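# Working through the structure, step by step
Residue-level listing of the chains:
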Amino acid sequence: MSQGVMVVPEQRDGELRKISFEIVSEGRRLADALGQSLTALLLGSDIKDKAPTLGHYGADRVLVADDARLGTYTTDAYVPVISEAVKANDPAILLLGASFQGKDLAARLSAHLGVGMAQDCTGFSIEDGNLIAIRPIYAGKAYAKVTFQDSWPQMATARPNVMPVNEPDTSRSAEIMDAEFNLDDSVLKTKVVDVSKDESGRVDLTEAEKIVSGGRGMKGPENFKILEELADLIGATVGASRSAVDAGWRPHSDQVGQTGKVVSPNLYIACGISGAIQHLAGMSTSKVIVAINKDPDAPIFQKADYGVVDDLFKIVPVLTNEVKKYL
Amino acid sequence: MNIIVCLKQVPDTETQIRIAPDGQSIVKDDIKWVMNPYDEFGVEEALRIKEKFGGEVTIVSLGPKRVTESIRTALAMGADKGVLINDPSAEDSDALATARALAAVIKDMEYDLIFTGQRGVDDDMGLVGASVAEILGIPQLSVITKVEVSEDGTSVKVERPVEGQTLTIESPLPALITAQKGLNEPRYASLPGIMKAKKKPLEEKTLADLGLDASQFGKEARKLKVLELTPPPQRQAGKIIDGETPEEKAAELARVLHEEAKVI
């Protein structure tokens, strides 16, 4: 009988990423609901010193797979190692984060294990001892409540910046053990040959807590500077609507929407964005939405918590100045 | 270079999604079906590689008869042939079953590269590509914005944007690549292309033709089951910030974001 919750935290360059704490916290809640234990499976190189932190956030046990070949993520290396740990421990639930790495890893892992997998979930619960997951579909135009059949472990990935993170309790210590694994060099086919860091240094849209976004109303690429100034001040990432991206004003990686990124920040400020349904689908789970647009009939005002019907070129610079008072 | 592209149809993104009376599916009556946008990037990249290296591009899909339209579109863009797995028993299959069907067609073909879209804009799962790669035992490279096949055609170098950085990854071929927006600008099918497409081979197969057991497919065999679909949480109507001048409005907005919404 499969038992317990297992989570796979994500590290990069030897540091645990924020999503790790989100999934440990959620794993703890699910383990408590089941009355079972939570294991974190930590993969990396020279990573063992990060294990106790996972205990502070709620893991009962941390299995550490420490190997030079696990320092940088590759699907080839991570899938067999996690698969062995899953077979040895037989968890009822296996949870990863829905980061780029997590989604790639979970997809391959679920096929390898032959189990069902719910990708990019915004909520979890236990009913009759089974995992229930809530996930947006059609970029959030509808929500699906899903469960599993003949699927052990029940696998899922959690959308970044959604699951509440527990207060770390440094008095909580997890049992830390080495994970057993046999990783043959012959399975390592792909190699990361270069890592080119994004100059802006801003958090990715999919993980950003605050986003300032521009649309066709920005009228040109040079005008995004006023959004960048506001973003830098409040610690936000800059996003764009499809119009702005298709016009070549902003890169594809900045696009928010059904054919771009789906975001879930605490604050989304939409400047000169009319609010096409595909754009709304990408940001409608934002906690607070602000719309600045001189067209009073712009559909975005139907979804915004706060709307300013005025010229964004007049509003945004003043807003930037006003916000300084509160920082 | 022989390249396979897996594509599917999805509702056009303009579609208003309405939940059917059964509460577990969407209303399909008025839907305009189109090629999944991410799959288009896969078709385009396959064609560019074929133009450079020579070879054939084959489209493989699972779905009902209407999917032939999208396969014909790909053929009109320049792909050479298509295979549609059309079997009512396969309707509503989950990702793993879908991948099994696609892999059953692909395994008998010669291929150096397989393209799929990075996810379907309907279910947003991004699972089928990885599952096909797993079944065929080849590397997967997900969410790729640049592809460079080596001159000797034995390996590929790709770019993968992740949070805050872009990774360059090398892989031997054959491999499966899932296409991300920014990989290329898909071409429009030309009129001559559309005419030629009508004559290009498009086979249809059933699960039995592929030696697959129908009981492993379809809704009942799903490992991930949909209990219920609901509309998105409704947002309450918000408020329009008052003010005589832009300066006043901006000041008021900053104040409410700090005091009321507490996000700044």
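Look up: the structure comes first, before these words.
The sections below set out a description of the structure shown in this document.

### Section: the overall build of chain A
Across its full length, chain A holds eight helices and 18 strands. A compact globule built from 327 residues should have a C-alpha radius of gyration of about 20 Å, and chain A, at 21 Å, falls within 12% of that. Residues counted as buried form 57% of the 327 residues belonging to chain A.

### Re the overall build of chain B
Of regular secondary structure, chain B possesses six helices and 14 strands. If you line up chain B on its principal axes, its C-alpha atoms span 70 × 50 × 40 Å. By the burial criterion, 48% of the 264 residues in chain B qualify as buried. Excluding contacts between residues fewer than 6 apart, the proportion of contacts in chain B whose partners are at least 24 apart in sequence is 71%.

### Section: the interface of chain A and chain B
Each partner contributes to the interface: chain A provides 76 residues, whereas chain B provides 65 residues. Residues belonging to the side of chain A that touches chain B are distributed by class as follows: 31 nonpolar, 24 polar and 21 charged. Examined bridge by bridge, strand β13 (residues 191-197) of chain A and strand β10 (residues 165-172) of chain B share six bridges and lie antiparallel to one another. Residue S196 of chain A lies in a different strand from β10 of chain B, and its bridge partner there is T166 of chain B.

### What to know about the sheet that holds strand β5 (residues 61-66) of chain A
All names here are of chain A. On the basis of which strands lie adjacent, the open sheet formed by seven strands has the order β7-β11-β6-β1-β4-β5-β12 and parallel pairing. Edge positions in the sheet fall to β7 (117-121) and β12 (175-178), since each of these pairs with one other strand and no more. On average, adjacent strands in this sheet sit at an angle of 20° to one another, irrespective of strand direction. Together, β1 (5-8), β4 (38-44), β5 and β6 (93-97) form the strand contacts of helix α3 (residues 75-89), whose direction differs from that of β4 by roughly 155°. Sheet strands touched by helix α4 (residues 100-113): β6, β7 and β11 (154-158). Its angle to β11, the strand with the most contacts, is close to 170°.

### Notes on the nonpolar core
Counting residues in hydrophobic clusters, the biggest one holds 188 residues, and the most contacted among them are L41 and L42 of chain A together with V5 of chain B. What V5 of chain B contacts, discounting residues up to four positions off in sequence, is G42, V43, A46, V57, I59, A74, A79 and F115 of chain B.

### Examining α4 of chain A
Residues and elements named next belong to chain A. The end-to-end C-alpha distance of α4, which contains 14 residues, comes to 20 Å, matching closely the 20 Å that a straight helix rising 1.5 Å per residue would cover. For α4, the tally of buried residues reaches 13 of 14 residues, placing the bulk of the element in the interior. Phi for G114, located one or two positions after α4, is positive at around 70°.

### Quick word on the sheet that holds strand β8 (residues 146-149) of chain B
The strand order across the open sheet formed by four strands is β13(A)-β10(B)-β9(B)-β8(B), and the pairing between neighbours is antiparallel. Here the strands that pair on one side only, and so sit at the sheet edges, are β13 of chain A together with β8 of chain B. Within the sheet, the average angular offset between the axes of one strand and its neighbour, ignoring direction, is 20°. Bridging between β8 of chain B and strand β9 (residues 155-162) of chain B involves four bridges; their strand directions are antiparallel. Within the sheet, the bridge partner assigned to V149 of chain B lies in β9 of chain B and is V156 of chain B.

How each quantity is defined
Along each chain, residue indices are assigned from 1 in the same order as the chain's sequence is written. Chains and ligands are labelled sequentially in the order written, the chains with letters from A and the ligands with numbers from 1. Totals for whole chains, interfaces and linings use every residue, but because this is a predicted model, local features are given only for residues with pLDDT of at least 70 and side-chain atom pairs only at 80 or more, for both listing and counting. Strands are runs of DSSP state E lasting at least two residues, helices are runs of H or I lasting at least four, and both sets are numbered from the N terminus onward. Note on method: radius of gyration uses C-alpha positions; expected globular size equals 2.2 Å times residues raised to 0.38. Exposure is read from a count of other C-beta atoms within 10 Å of each residue's own; the residue is exposed at 12 or fewer, buried at 20 or more and partly exposed in between. C-beta atoms are placed from the backbone. Two residues qualify as being in contact provided that their C-beta atoms, derived from the backbone, are within 7 Å of each other. Polar here means any residue outside two lists: the nonpolar Ala, Val, Leu, Ile, Met, Phe, Trp, Tyr, Cys and Pro, and the charged Asp, Glu, Lys and Arg; Gly therefore counts as polar. The criterion for strand pairing is that DSSP finds at least two bridges linking the strands in question. Here, axes are lines fitted to C-alpha atoms. For helices the fit covers the stretch in contact, and angles between N-to-C directions go from 0 to 180 degrees. A set of buried residues drawn from Ala, Val, Leu, Ile, Met, Phe, Trp, Tyr and Cys, joined through C-beta atoms within 7 Å, is what defines a nonpolar core. Helices are assigned an expected span. That span is 1.5 Å times one less than the residue count.

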